[in-house]
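Listed below are the residues making up each chain.
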Amino acid sequence: MAALKKFGLGILWALLFPLILAGVAVVGVFGVFDFLVEFVIMIINFFRGKKLFPAYPEDEKAYAILKRAIDKKNGELSAQNQPAPAPQQVFVQQNFYTNPGAIPPGVTPPTGGPAAIPGYGQPSPYANPYGTLPNQQPGVLPNQQSNALPPMQQQPAMPPRPELAKLPEFNPADYHQATTETIDIDVDGGEDE
Amino acid sequence: MIRVLASIQLSETDRKALIILLILLVLLVLIIGLIGMAINATMKHQSKRADSMMHDVAVTHVVDNTRSFRRFGFKKNNRALFRDSIKPFLVALLGLAIWIIYNIATGNWGENPWAHFGELFFRFKFDNSEYPATDPLWVKVFGMTILARWPEAVEGYPRFEVAHIASYIEVTLWIVAIAWYAYSCQAYIARAMRIIRLSNTVYEKSLEGFNANANVDVTPEAPIPPSD
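Computed from a predicted structure; not experimentally measured.

**Student:** Describe the overall build of chain A, and please don't skip the residues or the numbers.
**Tutor:** If you tally the helices and strands in chain A, you get 5 helices and 0 strands. Helices and strands in chain A line up, N terminus first, as α-α-α-α-α. Expressed as a percentage of the 193 residues in chain A, the buried residues total 3%. Put simply, 24% of the contacts in chain A that link residues at least 6 apart link residues at least 24 apart.

**Student:** Explain the overall build of chain B to me, and be specific about the residues and the numbers.
**Tutor:** Within chain B, the regular secondary structure consists of 5 helices and 2 strands. Counting every position in chain B, which comprises 228 residues, the buried fraction comes to 20%.

**Student:** Run through the interface of chain A and chain B, naming residues and quoting values.
**Tutor:** Each partner contributes to the interface: chain A provides 26 residues, whereas chain B provides 27 residues. Every element with two or more residues in the side of chain A that touches chain B is listed here: α1 (2-47) and α2 (57-81) of chain A. Here the side of chain A that touches chain B gets 18 residues from one element, more than from any other, and that element is α1(A). Considered class by class, the residues forming the side of chain A that touches chain B number 16 nonpolar, 4 polar and 6 charged.

**Student:** Provide a residue-level description of the nonpolar core, including the pertinent values.
**Tutor:** All names here are of chain B. The biggest cluster of nonpolar side chains holds 26 residues, and the ones touching the most others in it are M54, V57, V63 and Y188. Among the secondary structure elements, those contributing two or more residues to this core are α2 (12-59), α3 (66-106) and α5 (165-201). Of all the elements, α5 adds the most residues to this core, at 12 residues.

**Student:** Quick one: what's the story with the pairing of strand β2 (residues 144-147) of chain B, residue by residue and with numbers?
**Tutor:** Residues and elements named next belong to chain B. As defined by bridge partners, strand β1 (residues 138-141) adjoins β2 across 4 bridges and the pair is classed as antiparallel. Looking at the pairing, K140 lines up with T145 of β2. Hairpin connection from β1 to β2: 2 residues lie between these consecutive antiparallel strands, with F142 at a positive phi of about 50°.

**Student:** Tell me about α2(B), and please be specific about residues and values.
**Tutor:** If you check α2(B), its first and last C-alpha atoms are 69 Å apart, about what 48 residues at 1.5 Å a residue would give, namely 70 Å. In α2(B), a bend of some 30° at B:M53 exceeds every other bend along the element. Looking at the buried side of α2(B), the elements it contacts are α1 and α2 of chain A together with α3 and α5 of chain B. One or two steps after α2(B), the chain reaches B:H61, where phi turns positive at roughly 65°.

**Student:** Lay out the packing of α1(A) against α2(B) with the relevant residues and their values.
**Tutor:** Relative orientation of the contacting elements α1(A) and α2(B) amounts to 80°, with a least axis distance of 6 Å. Relative to α2(B), the element α1(A) is oriented roughly perpendicular. Within the contact between the two elements, α1(A) uses A:K6, A:F7, A:L9, A:G10, A:I11, A:L12, A:W13, A:A14, A:F17 and A:I20 and α2(B) uses B:V29, B:I32, B:G33, B:L34, B:I35, B:G36, B:M37, B:I39 and B:N40. Per-class residue counts for the contact of α1(A) with α2(B) are 14 nonpolar, 4 polar and 1 charged.

**Student:** An account of the confidence of the model for chain A is needed here, citing residue identities and associated values.
**Tutor:** Residue and element names in this part refer to chain A. When pLDDT is averaged across chain A, the result is 72; 48% of the residues are at 70 or more. Mean pLDDT values for the elements of chain A range from 55 in helix α3 (residues 142-146) up to 90 in α2. Note on residues 189-193: pLDDT is under 50 here. Beyond four places in sequence and across chains, it has 0 contacts.

Here is what the cut-offs are and how they apply
- Residues numbered from 1 in each chain as written.
- Chains lettered and ligands numbered in written order.
- Predicted model: local features only at pLDDT ≥ 70, side-chain atom pairs only at ≥ 80, totals over all residues.
- Helix = DSSP H or I, 4+ residues; strand = E, 2+ residues; numbered from the N terminus.
- Buried ≥ 20, exposed ≤ 12 C-beta atoms within 10 Å, placed from the backbone.
- Contact = placed C-beta atoms within 7 Å.
- Nonpolar A, V, L, I, M, F, W, Y, C, P; charged D, E, K, R; others polar.
- Core = buried A, V, L, I, M, F, W, Y, C linked by C-beta atoms within 7 Å.
- Pairing = 2+ DSSP bridges.
- Expected span 1.5 Å × (residues − 1).
- Bend = angle between axes of the 7 residues up to and from the residue.
- Axes fitted to C-alpha atoms, helices over the stretch in contact; angles between N-to-C directions.
- Parallel < 35°, antiparallel > 145°, perpendicular 65-115°, else oblique.
- pLDDT = per-residue confidence, 0-100.

Here you go:
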């Protein structure tokens, strides 16, 4: 049925063909004038240094709007596609300074009670890490005090080497005299003499 | 009516002629239909360019009414015709240049290149004077002059003459240019028709199937509770 309809339309178009031919003839004549006008415009554009077929202002406006829309969409897309930043986990080191003799959790206390643990009941030097202990400089642990290196002593200067003392002293004036001596070159083969 | 048709008695020759006439009619309709389909398809193909020409300005609403759409569409269509016709014009100019150079070289300015080109095809005797009076080519039937039979071919044709080779080339170029330009003009017409149709449909506002009352949302006010 669709083919028949198409065929019928074809007959209609064929009947309209003389009309189309007449239209083509009219447009053909119009096209010659159009060609001349557009050719002159093209030549003017050429000598003005513009494009031969510059875009119409309406087109430029439309391109600008489309470009803005595309840029905006691209920006949104890139923001969506950007991977989420990795979670920044801050591990806070917690130093638990237990008192000497304290029983860590999960450890079976020794027989004899807490008094059997060495150091039980004495104050821990690590109990207050940011504070100072008695008879101690701030920031220095007791272990560092006991293992401190002896103060550095300055070494005596090296004695002069005897073989260098035998060399003659360098005199810049001698060096200059030796390099500025004039050299006579006999170019003429002694004819002038 | 049926009785009248049934009363017509046809001889064997008449029946054969009628069948041949019917076959010819069907063939003619078929050929016309196919030609029409080809024209329709070509016009549709050519009109697609109008869509791409006008798409951006319509989508971005730079051109926002029917009148502006048509004006801008025809402006772009004229330029498209110019761009399309550059190549056929160049081909025609090339043919003209060959004709001028050939005539400058030979001095045969009065010769008809189209007649030379016609040598490459069959020629038929269409003049009644070339036939005997008892068996003319053209006859009058019901006041119309029609061909009585197929004309006789002129002897010696088709033929190829080396001296006319420039005419063959230049006429071929002109025919190509004319056909190409005609195709461009047809494309111009197709685009113009498409622009007119689009200008009517792109900015169309239809109220078909719309009922203003159907979209009114009337919420009844809540009743006031009875006072104590």
